[in-house]
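Residue strings, one per chain:
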Amino acid sequence: MKTKLSIAVTLALFSAGLLSGCSDDNEPTEAATQEEAPKNNVAPMLKYVPANSPYFMATREAMPEQDVFDLYQRMQPMATLDSDLDELRDTLPQIEDDEVLHSMMTLLIAMGEELVGVESLEDVHALGLKMSPQAAFYGLGILPVLRMQLQDEDAFRETLQRILTKADITPRTATTNGTDYWVLTPEGPLQAILAIDDQQLLVSVVPQDASDELLAQVLGKALPDSSIGDTDALAELEQRHDFTPYGAGQIDSSRLFDELSSPTHSGTQALMNAVDAEPLDLSTCQADIDRITSRFPGLVMGMRDYNLDRMEMNLILETDEDIVSDLRALTTQVPGLGSTGGMASFGLGLDLPVLLQTVQKYAQEVRQNPFSCDELQELNGTWNEINMAINNPITMMIGPSLSGFNARIDSLTMKNGAPSGLGILTLASQNPLALLSTVSAFMPELGALGLEPGGKAKQVKSMMLPPDAPALYAAMSDTAVALGVGISDSATLQSELQAPTSEHDLLFHSHMTGEFYHSLADVMEQIPSDEIAASDIDMLKQYGDAYKNTEYWLRVDDAGVEMSFSLELN
């Protein structure tokens, strides 16, 4: 944990506020907005994003700037930025030989130094930035463009100049179609450019010899014939996945493959020419590509919650209905999985026998209908490798009797110089007696307890347990076995065995409370380690103060596999 991440976290959180949407004091009134063309007035950045862009991430609405700044202040690691900057400065002599890394580090330090004095929304505006600007990241073909609304052009120019000067970066200037822009990178086939125009910041990567026509599109002087603002694609994406309008996007796998194989945008062709790359020859692969894109249409991302108390970020790998159905068959009902009891928990709901059958099914499909083109030959053997990996003696022994678990931590302290805690491990099973028999191969004392469904908890006495470990008790129901670490009350264990199961098709879930962060910091303070710095422990305490609860989960969504993270603030 010596590598300092809090400055990066601070910059990321600050950027998250910047990319969270638009809240402009000069926006037209609601009545005026209704009289004018509403799409571009409400979300003017959307007019730059082509309707057929292979990827985009954009905002449509937002919270007021002050609310977003308050969130930034509540979330960021406090009082550690100065010390982290000092530590990063100390690393510079060690990476002098790596020109790229050294340049990135000096740029990161320079950006961090600009944030040291930010204590109010007025301070943000003094840098030329808005706390919740209109923003969009998208592809002109595969050529990437980022644009963001500014508070004050002149103030931001001064801020940027300070950052570049501190980072020892001297950009070149260029002009096209009457618009000035900076070239941030050395001479080469590709160059990173930055422009400040019409109260917007624009960053992109273009070929060194980009035509005026292409630069006009990049700089927004030539708009696409059809945009996602015209088609309402962003609003439809939000509605389909129940996302807020504060930032959502997608990567369309079919459009991306099509653009790489048969470029329709001059930006794609120009980038390929700049690096001497040919379009992908999919003449022998098109059927394979269509097969993949039909099963995995793409990625979508957005937020289902974004307010002063809670935020939830979601990433969904889209799949076809058959894969969704197969994934749902893998999930099992595990008591307590998905709940936020205790100070922390983590659990898995996965039917191992069904998993084995599913892997065998897809392995057989690939054997019977292998991918034909050279570029995808490795996929032909992948399923067989996965099949062999999970068909091992341990899986075959445990699989039929174990269908998931949930581990809950109720307390974490130091005892006699070692970490100690209380909690419950719940093992879900369609046949708990068979599970006990299987586990008895590793811990015979557990099998000898004579547990019965609904019976009293019994203590597990085993030589395998550490001498100072809390007492271990076990209880059983018709669907699960519970092991209580330091918990002997039968009613408590039985209650956990009967805990509600999640309404969602969870594959994985975990949560950590602020209390857990504080307890972990207390334990780390008492364990001498060269890898743990005082600032790391201090950061955990700050997280404990700021975060009421954090959750991570992986579940089967109607559209595919959803990976999500939520944060509830104190």
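Right above here is the structure, for reference.
First, a word on scope: everything that follows refers to the structure included in this document. (Residues numbered from 1 in each chain as written. Predicted model: local features only at pLDDT ≥ 70, side-chain atom pairs only at ≥ 80, totals over all residues. Heavy atoms only, no water.)

1. What to know about a nonpolar patch on the surface
Point 1. A surface patch of nonpolar side chains, amounting to about 330 Å² of accessible area, comprises Phe346, Leu348, Phe508 and Tyr552.
Point 2. On the secondary structure map, leucine 348 appears in strand S11 (residues 344-349).
Point 3. The partly exposed category is assigned to leucine 348, whose relative accessible area is 32%. (Patch = residues over 30% accessible without salt bridge, like charges linked within 9 Å, V, L, I, M, F, W, Y side chains within 5 Å. Areas by Shrake-Rupley, 256 points an atom, 1.4 Å probe, with all protein chains shown as cover. Salt bridge = Lys/Arg side-chain N within 4 Å of Asp/Glu carboxyl O. Helix = DSSP H or I, 4+ residues; strand = E, 2+ residues; numbered from the N terminus. Buried < 20%, exposed > 50% of the residue type's maximum accessible area, 1.4 Å probe, protein only.)

2. Examining the pattern of salt bridges
Point 1. This structure, assessed with the given rule, holds 28 salt bridges.
Point 2. Between arginine 60 and glutamate 61 there is a salt bridge, with its nearest N and O atoms 3.7 Å apart.
Point 3. Among the salt bridges present, the one from aspartate 326 reaches lysine 361, with a minimum N-O distance of 2.8 Å. Taken together, the positions of aspartate 326 in helix H15 (residues 321-330) and lysine 361 in helix H16 (residues 352-368) put the pair 35 residues apart, joining distant regions of the chain.
Point 4. Given the relative accessible area of 17%, aspartate 326 is considered buried.
Point 5. The exposure class assigned to lysine 361 is partly exposed, which follows from its relative accessible area of 35%.
Point 6. Linked through salt bridges whose partners overlap, the residues forming this network are Arg304, Asp305, Arg310, Glu312, Arg555, Asp557 and Glu562.

3. A few points about helix H13 (residues 266-274)
Point 1. The set of residues buried in H13 consists of Gly267, Thr268, Ala270, Leu271, Met272 and Ala274.
Point 2. Looking at the packing, one finds that the buried side of H13 touches strand S2 (135-140), strand S3 (143-149), strand S6 (190-197), strand S7 (200-207), helix H9 (212-218) and helix H12 (253-261).
Point 3. Immediately downstream of H13, the backbone of aspartate 276 shows phi near 55°, a positive value. (Contact = heavy atoms within 4.5 Å.)

4. A look at the pairing of strand S15 (residues 472-476)
Point 1. Burial runs high along S15: five of the five residues are buried.
Point 2. The side-chain alternation of S15 yields two buried faces, one formed by Leu472, Ala474 and Met476 and the other by Tyr473 and Ala475.
Point 3. With three bridges joining them, strand S14 (residues 458-460) and S15 adopt antiparallel strand pairing. Bridge assignment links lysine 458 to a residue of S15, and that residue is alanine 474.
Point 4. Strand direction decides the pairing type here: S15 and strand S16 (residues 480-485), joined by five bridges, are antiparallel. If you follow methionine 476 over to S16, its bridge partner there is valine 481.
Point 5. In textbook terms, the turn of a hairpin is the stretch between consecutive antiparallel strands, and for S15 and S16 this stretch comprises three residues. (Pairing = 2+ DSSP bridges.)

Honestly, that's just the spatial picture; any functional story needs more than this.
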